[in-house]
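Survey of secondary and tertiary structure
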Amino acid sequence: MKQIIVIPLMVLSILLAGCMTFGNAGESEPKSPPAYEQEMKEAYQRQFVTDGSCTEKDLSVDYYGTYEGVYIGFVNGPWEYPAVVERETIGETEFVYASSQRLMACKDGQMLPLKDAYTSGWLTDDGIKDVLAYYKTQKPSLFGDDK
């Protein structure tokens, strides 16, 4: 009796498995980038790449999160930054960078360096402290024992 029930169940399982698709099977279009990435690329390209030296496709974003409604991250392109340790004080906090590249802030399609976003009121002292706390987890070697 067990064989009579098991065999039809096995056949049914095989037929059903053959009809299923997994993952992105059949998709021909690549997935869209996350909203933050697209907005940051567009804003950066529009405001800072006025000479046409690169397009949005040449840019990438190292996203550090959204704080007080503001996207924060590094925008990377086909250029190099000198490798130097630099410090920047924003409000009551001090950021340490391994190059001349700075964190950028994007809000409502506009892009500002992080310090300018703070002075423009996009971010409060608490928001800047939250950005720094996450930044330190990503760049611990820049801060030594000061965690």
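Residues numbered from 1 in each chain as written. Predicted model: local features only at pLDDT ≥ 70, side-chain atom pairs only at ≥ 80, totals over all residues. Heavy atoms only, no water.

For the rest of this paragraph, the subject is the environment of Gly 109. The topology assignment puts Gly 109 in the loop between strand 5 (104-107) and strand 6 (110-113). Taking C-alpha positions, Gly 109 is 9.8 Å from Gln 38, a pair spaced 71 residues apart along the chain. Apart from residues no more than four positions distant in its own chain, Gly 109 is found in contact with Glu 39, Ala 43, Arg 46 and Gln 47. (Helix = DSSP H or I, 4+ residues; strand = E, 2+ residues; numbered from the N terminus. Contact = heavy atoms within 4.5 Å.)

Positioned with a positive phi, Glu 68 is a non-glycine residue whose angle comes to about 50 degrees. Here Glu 68 lies in the loop between strand 1 (60-67) and strand 2 (70-76). Take Glu 68: its relative accessible area is 41%, and that puts it in the partly exposed class. Phi angles above zero are rare outside glycine, and Asp 108 is one such case at about 50 degrees. According to the relative accessible area criterion, Asp 108 is exposed, its value standing at 66%. (Buried < 20%, exposed > 50% of the residue type's maximum accessible area, 1.4 Å probe, protein only.)

Counting 20 residues, the largest nonpolar core has Ile 72, Phe 95, Leu 103, Leu 114, Leu 123 and Tyr 135 as its most contacted members. Contributing elements (two or more residues each) for this core: strand 1, strand 2, strand 4 (93-97), helix 3 (114-119) and helix 4 (125-138). Among the elements that line this core, the one with the most residues is helix 4, at 4 residues. Apart from residues no more than four positions distant in its own chain, Ile 72 is found in contact with Met 40, Asp 62, Tyr 63, Tyr 64, Gly 65, Tyr 67, Leu 103, Met 104, Ala 105, Leu 114, Leu 123 and Val 131. (Core = buried A, V, L, I, M, F, W, Y, C linked by side-chain atoms within 4.5 Å.)

Applying the stated rule across the entire model yields 5 salt bridges. Residue Glu 37 is joined to Lys 41 by a salt bridge in which the shortest nitrogen-to-oxygen separation is 3.5 Å. Of the two residues, Glu 37 and Lys 41 both sit in helix 2 (residues 35-48), 4 residues apart, roughly one turn of that helix. Residues Glu 37 and Lys 41 agree in their burial class; the two are buried. The residue Arg 87 makes a salt bridge to Glu 94 at a minimum N-O spacing of 3.3 Å. (Salt bridge = Lys/Arg side-chain N within 4 Å of Asp/Glu carboxyl O.)

Bringing the pairing of strand 6 into the picture now. As paired elements, strand 5 and strand 6 share 4 bridges and run antiparallel to each other. Its bridge partner lying in strand 6, Cys 106 is registered against Met 111. In textbook terms, the turn of a hairpin is the stretch between consecutive antiparallel strands, and for strand 5 and strand 6 this stretch comprises 2 residues, one of which, Asp 108, has a positive phi near 50 degrees. (Pairing = 2+ DSSP bridges.)

The next thing to look at is the confidence of the model for the protein chain. Considering every residue of the protein chain, the mean pLDDT works out to 81; 76% of them sit at 70 or more. Taken element by element, the protein chain is modelled with least confidence in helix 1 (residues 2-19), mean pLDDT 42, and with most confidence in helix 3, mean pLDDT 98. (pLDDT = per-residue confidence, 0-100.)

Three- or four-residue spacings in an α-helix give side chains the same orientation, since the helix completes a turn every 3.6 residues. An ideal rise of 1.5 Å per residue puts 20 Å on 14 residues; helix 4 measures up with 20 Å between its terminal C-alpha atoms. All of the buried residues in helix 4 are Gly 127, Ile 128, Val 131, Leu 132, Tyr 135 and Lys 136. Here the buried face of helix 4 lies against strand 1, strand 2, strand 3 (86-90), strand 4 and helix 3. (Expected span 1.5 Å × (residues − 1).)

Attention shifts here to the packing of aromatic side chains. Each aromatic ring pair is described using two quantities: the centre-to-centre distance and the angle formed by the ring planes. The tally for this structure, following the rule as stated, stands at 14 aromatic pairs. Residues Tyr 44 and Trp 79 carry aromatic rings whose centres are separated by 6.1 Å and whose planes lie at 20 degrees to one another, so their mutual orientation is stacked. Placement of Tyr 44 in helix 2 and of Trp 79 in the loop between strand 2 and strand 3 is noted, with a sequence separation of 35 residues between them. By relative accessible area, which is 10% here, Tyr 44 ends up buried. By relative accessible area, Trp 79 is classed as partly exposed at 25%. Between the aromatic rings of Tyr 64 and Tyr 135, the centroid separation amounts to 6.0 Å while the plane-to-plane angle is 40 degrees, which identifies the pairing as tilted. One end of the pair, Tyr 64, is in strand 1; the other, Tyr 135, is in helix 4, with 71 residues separating them in the sequence. Each of the two residues, Tyr 64 as well as Tyr 135, counts as buried. Through a chain of ring-to-ring contacts, the aromatic side chains of Tyr 64, Phe 74, Phe 95, Tyr 97, Tyr 134, Tyr 135 and Phe 143 assemble into a single cluster. (Phe/Tyr/Trp six-rings, centres within 6.5 Å; stacked < 30°, edge-to-face > 60°.)

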